[in-house]
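Analysis of the macromolecular model
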Amino acid sequence: LAHWPGTSDGEIYGHEVTEVDGSAVRGGAEVRAAVAGGSEGRSVRYRFGEGEGSFVRTVETRRFALRDLWLLFGSFLLNGAAFGIVAILTRALRGGDRLGRGTFAFFWLAAMYTFTALDLYGPYRLFRLHVLCESFLFAGTIHMALVFPQSPRVVERLPWLIHVPYGLALPVAVAQAADAGAWRALWADPQWPRALALSVFSALASSLLALVACTAL
């Protein structure tokens, strides 16, 4: 969060903590254990990364307050709840027609993706489910684009086109779920979060273009 000491300049974002006060650590649990034993307000030396690219920052400890909890997880919780409510209402009001199925698929995938993002900070019990939702989210977006607000003529002629994005997403989902540990390890690379953000933005932008194009057909 921007108001945390040591994070306001953004330098440590996306970097892995490898040492705490000169002692090697592996994973968030060891970092928390190394820091929790001291008093609040003491200075702790963290080493980020390994080798020539590593650097050290000294940060004072502070209590994880209710405000921090809300700012860190509140947006995931609120957005997940909003997406889930829309999905349930759409299913209840529209039933199983083409528009109802497409809208439900997108909003339900978005809800599950957002809710499981709460686990990205640990203990990673929902990580496989998160990457599965991540893999199919783009397919769900294209699905809704092909039926909302009404199906274009090409979908009326070739209704199987709706299922193509899910077929394309399936091997990606299987690969991610089969090796979730490797995907978690990617977060140790400082370039990975930036690349992921760019990929997500590109996918959403493409989906919006598809939505606009389909409404014009």
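Residues numbered from 1 in each chain as written. Predicted model: local features only at pLDDT ≥ 70, side-chain atom pairs only at ≥ 80, totals over all residues. Heavy atoms only, no water.

1. Observations concerning the overall build of the chain
Within the chain, the regular secondary structure consists of eight helices and four strands. For the chain, the succession of helices and strands along the chain, N to C, is β-β-α-β-β-α-α-α-α-α-α-α. Expressed as a percentage of its 217 residues, the buried residues of the chain come to 32%. In the chain, 60% of the contacts between residues at least 6 apart in sequence involve partners at least 24 apart. For the chain, the exposed surface amounts to about 13100 Å²; the carbon and sulfur share of it is 65%. (Helix = DSSP H or I, 4+ residues; strand = E, 2+ residues; numbered from the N terminus. Buried < 20%, exposed > 50% of the residue type's maximum accessible area, 1.4 Å probe, protein only. Contact = heavy atoms within 4.5 Å. Areas by Shrake-Rupley, 256 points an atom, 1.4 Å probe, with all protein chains shown as cover.)

2. Focus: the sheet that holds strand β2 (residues 23-24)
One open sheet holds the four strands; their spatial order is β2-β1-β3-β4, and the pairing between them is antiparallel. Unpaired on one side and paired on the other, β2 and β4 (55-60) mark the two borders of the sheet. In the sheet, strand β3 (residues 43-48) pairs with β4 via six bridges, with the strands oriented antiparallel. Following the sheet pairing, Ser43 is matched in β4 by Glu60. Across the sheet, helix α1 (residues 28-36) touches β1 (17-20), β2 and β3, and the angle it forms with β1 is around 25°. (Pairing = 2+ DSSP bridges. Axes fitted to C-alpha atoms, helices over the stretch in contact; angles between N-to-C directions.)

3. Describing the packing of helix α3 (residues 98-116) against helix α4 (residues 127-145)
In contact at an axis separation of 8 Å, α3 and α4 are set at 150° when each is read in the N-to-C sense. Here α3 lies roughly antiparallel to α4, going by the angle between them. The hand of the α3/α4 crossing is left-handed. Here Arg101, Gly102, Thr103, Ala105, Phe106, Phe107, Leu109, Ala110, Met112, Tyr113 and Thr116 of α3 lie close against α4, whose contacting residues are Leu129, His130, Cys133, Glu134, Phe136, Leu137, Gly140, Thr141, His143 and Met144. Among the residues forming the contact of α3 with α4, the class breakdown is twelve nonpolar, seven polar and two charged. (Parallel < 35°, antiparallel > 145°, perpendicular 65-115°, else oblique. Left-handed = near helix turned anticlockwise from the far one by under 90°. Nonpolar A, V, L, I, M, F, W, Y, C, P; charged D, E, K, R; others polar.)

4. Describing the packing of helix α2 (residues 66-94) against α3
At their nearest, the axes of α2 and α3 sit 8 Å apart, and the two run at 160° to each other. Judged by the angle between their axes, α2 and α3 are roughly antiparallel. Handedness of the α2/α3 crossing: left-handed. Taken together, the residues of the contact of α2 with α3 sort by class into 14 nonpolar, seven polar and three charged.

5. Observations regarding the pairing of β4
Only one face of β4 is covered, namely the face carrying Phe55, Arg57 and Val59; the face carrying Val56, Thr58 and Glu60 is uncovered. Between the antiparallel neighbours β3 and β4 lie six residues, among them Gly49 with a positive phi of about 80°.

6. Describing a nonpolar patch on the surface
A surface patch of nonpolar side chains, about 410 Å² in accessible area, is lined by Trp70, Leu71, Leu77 and Leu78. The topology assignment puts Leu77 in helix α2. Of the residues examined, Leu77 reaches a relative accessible area of 43% and is grouped as partly exposed. (Patch = residues over 30% accessible without salt bridge, like charges linked within 9 Å, V, L, I, M, F, W, Y side chains within 5 Å. Salt bridge = Lys/Arg side-chain N within 4 Å of Asp/Glu carboxyl O.)

7. Considerations on α2
Its 29 residues give α2 an end-to-end C-alpha distance of 39 Å, which sits within 8% of 42 Å, the value for a rise of 1.5 Å per residue. Helix geometry: α2 is bent most strongly at Phe73, by close to 50°. Next to the buried residues of α2 lie α3. Looking one or two places after α2, you find Gly95, whose phi comes out positive at around 70°. (Expected span 1.5 Å × (residues − 1). Bend = angle between axes of the 7 residues up to and from the residue.)

8. Concerning the packing of aromatic side chains
For the coordinates displayed, the defined rule picks out six aromatic pairs. Measuring from ring centre to ring centre gives 5.3 Å for Phe48 and Phe55, while their planes differ by 20°; the resulting arrangement is stacked. For the residue pair Phe48 and Phe55, the accessibility class agrees, reading buried in each case. For the pair Phe106 and Phe107, a centre-to-centre distance of 4.9 Å together with 75° between the ring planes defines the contact as edge-to-face. Neither Phe106 nor Phe107 differs from the other in exposure class; each is buried. Just above the ring of Phe104 sits the side chain of Arg91; from NZ or CZ to the centre is 5.5 Å. (Phe/Tyr/Trp six-rings, centres within 6.5 Å; stacked < 30°, edge-to-face > 60°. Lys NZ or Arg CZ within 6 Å of the ring centre and 35° of its normal.)

Geometric values such as these leave the question of function open.
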